[in-house]
Amino acid sequence: GLSIEEAGQCNRLVTIAGQQDVSRQLLERGAGIDALVYADLAQAYMTELDRQVVVGTGTSGQMLGILNTAGINQATAFGAAATVPTFYSKTAGQINAVETTRFLAPTIVWLHPRRWNWLIAQLDSQNRPLVVPTENGPVNAIGVSNEPIDVPSTTPVGRGFGLPFVTDANIPTSVGTGPEDQVIVARREDLLLWEDGDGMPRELRFEQTLGNQLTTKLVVYGYAAFAAGRYPS
């Protein structure tokens, strides 16, 4: 259940669903095919849930995402090409903005994989990487990386500014005239996500209405609500 305050900040309860038609021949002759399809549908469900958390419009059956929430602090690199100094100073500025308006420190830096991979590819004037594995004993590095490459979007790929860096391919990359990608600096505890049950979508299996075609419809669905508006600053 939601408190009165939380319900007021939660813009809508939404349904997220997906489906796949599978032939009966494939289901009967292929071992574990339904489990494989359900797993793919669940991944697609979670990707859409994550997309709405980040950029949901709050209309047309979508939750209102972080980047469309009124009152969030924003800073830009003024359309200039990205450099390590501008990335560093702007991110530090947003950390300061959270601390001085929320009176609590942010707990996450959320960025597109292309920005993180750009960052770990940067070199100093002696061709030494600026983001190095922690076991290298970094000196004067702007960040460290010690996580595997293939990680879920909630697992940090590294750290910088004392904060975990989490990559998410749903972060927009076509903002402004650059086109530019965005980086979210946030206090994760202020972002409220409600999901039905244990957070996994429910699975349904329908033999009709495509029974005359020997086709089964596999469906997943779930309910969710999200609010980033309690402390947008």
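Trainee: Where do I start with the overall build of the protein in this structure?
Mentor: A tally of regular secondary structure across the protein gives 5 helices and 10 strands. Burial status across the protein gives 37% buried among its 233 residues. Here the contacts in the protein between residues at least 6 apart in sequence split such that 64% fall between residues at least 24 apart.

Trainee: Could you clarify how one ought to interpret the pairing of strand β8 (residues 192–195) in this entry?
Mentor: Side-chain positions along a regular strand alternate between the two faces of the sheet. Burial along β8 is one-sided: L192 and W194 are buried, and none of L193 and E195, which face the opposite way, are. In the sheet, β8 pairs with strand β10 (residues 215–227) via 4 bridges, with the strands oriented antiparallel. For L193, the partnering residue across the bridge sits in β10 and is F226.

Trainee: Looking at this model, I keep getting lost on the side chain of H112. Mind explaining?
Mentor: In this fold, H112 is placed in the loop between β2 (108–111) and α5 (113–120). Judged by its relative accessible area of 14%, H112 falls in the buried class. At 3.0 Å, the side chain of H112 forms a polar contact with the backbone nitrogen of R114. Dropping the residues within four chain positions of it, H112 is found in contact with T167, D168, A169, I171, T173 and Q182.

Trainee: What's the story with the packing of aromatic side chains in this structure? I'm lost.
Mentor: The way to describe two aromatic rings as a pair is by their centre distance and the angle between their planes. Throughout the structure, instances matching the rule amount to 5 aromatic pairs. Sitting above the plane of the Y231 ring, R102 keeps its charged end 3.6 Å from the centroid. When the ring centre of W118 is taken as origin, the NZ or CZ atom of R115, which lies over that ring, is 4.5 Å away.

Trainee: Any chance you could explain unusual backbone geometry here in plain terms?
Mentor: Trans is the common state for peptide bonds, and a negative phi is the common state for residues other than glycine. Geometrically, the link from Q208 to T209 is a cis peptide bond, its omega value of 15° lying close to zero. Tracing the backbone shows T209 in the loop between β9 (202–206) and β10. Positive phi is not limited to glycine here, since S60 has a value of about 50°. Of note, S60 is situated in the loop between α3 (33–55) and α4 (84–102). A residue is classified by how much of its surface remains accessible, and S60, at 72% relative accessible area, is exposed.

Trainee: What's the story with the nonpolar core in this structure? I'm lost.
Mentor: Counting 26 residues, the largest nonpolar core has M63, I66, W110 and I184 as its most contacted members. Elements that contribute at least two residues to this core include exactly β1 (13–23), α3, β2, β7 (183–186) and β10. Residue contributions to this core peak at 9 residues, all from α3. In this structure, I184 is in contact with V54, I66, L67, I108, V109, W110 and I171, ignoring residues within four places of it in sequence. Among the nonpolar cores identified, the runner-up in size contains 12 residues, and F87, I95, L119 and V157 belong to it.

Trainee: Before we go on, may I ask you to explain the pattern of salt bridges in this structure?
Mentor: Pairing between side chains of opposite charge can happen when the charged atoms of each approach one another. Here the structure, examined in full by the defined rule, presents 11 salt bridges. A salt bridge links D181 to R114; its shortest N-O distance comes to 3.4 Å. Here D181, found in the loop between β6 (163–167) and β7, pairs with R114, found in helix α5; they are 67 residues apart in sequence, far enough to count as distant. Classification of D181 as buried rests on a relative accessible area of 13%. You can call R114 partly exposed: its relative accessible area is 37%.

Trainee: Quick question: what am I supposed to make of the side chain of T91 here?
Mentor: Assignment of secondary structure puts T91 in helix α4. Not counting residues within four places of it along the chain, the set of residues in contact with T91 comprises V109, F161 and V185.

Trainee: How do you make sense of α5 when you look at a structure like this?
Mentor: An α-helical turn contains 3.6 residues, so any two residues separated by three or four positions project in the same direction. Along α5, the residues classified as buried are R115, W116 and L119. Projection of α5 onto a plane perpendicular to its axis shows the buried side chains occupying an angular sector of 100°, all on one side.

Trainee: Looking at this structure, how should I read α3?
Mentor: Under the 1.5 Å per step criterion, the end-to-end length of α3 is 33 Å for 23 residues, consistent within 8% with the ideal 33 Å. Every buried residue of α3 is accounted for by I33, V37, Y38, L41, A42, Y45, L49, D50, Q52, V53, V54 and V55.

Trainee: Any chance you could explain the environment of Q94 here in plain terms?
Mentor: Considering the arrangement of structural elements, one finds Q94 in helix α4. Considered as a pair, Q94 and V185 are 91 residues apart in the sequence and their alpha carbons are 6.4 Å apart. Setting aside its immediate chain neighbours within four residues, Q94 contacts N73, Q74, A75 and V185.

Cut-offs and rules
Residues numbered from 1 in each chain as written. Predicted model: local features only at pLDDT ≥ 70, side-chain atom pairs only at ≥ 80, totals over all residues. Heavy atoms only, no water. Helix = DSSP H or I, 4+ residues; strand = E, 2+ residues; numbered from the N terminus. Buried < 20%, exposed > 50% of the residue type's maximum accessible area, 1.4 Å probe, protein only. Contact = heavy atoms within 4.5 Å. Pairing = 2+ DSSP bridges. Polar contact = N/O pair within 3.5 Å; in protein donor to acceptor, adjacent residues only side chain to side chain. Phe/Tyr/Trp six-rings, centres within 6.5 Å; stacked < 30°, edge-to-face > 60°. Lys NZ or Arg CZ within 6 Å of the ring centre and 35° of its normal. Core = buried A, V, L, I, M, F, W, Y, C linked by side-chain atoms within 4.5 Å. Salt bridge = Lys/Arg side-chain N within 4 Å of Asp/Glu carboxyl O. Arc of directions from axis to C-beta. Expected span 1.5 Å × (residues − 1).

Read these as layout, nothing more, since geometry by itself doesn't imply function.
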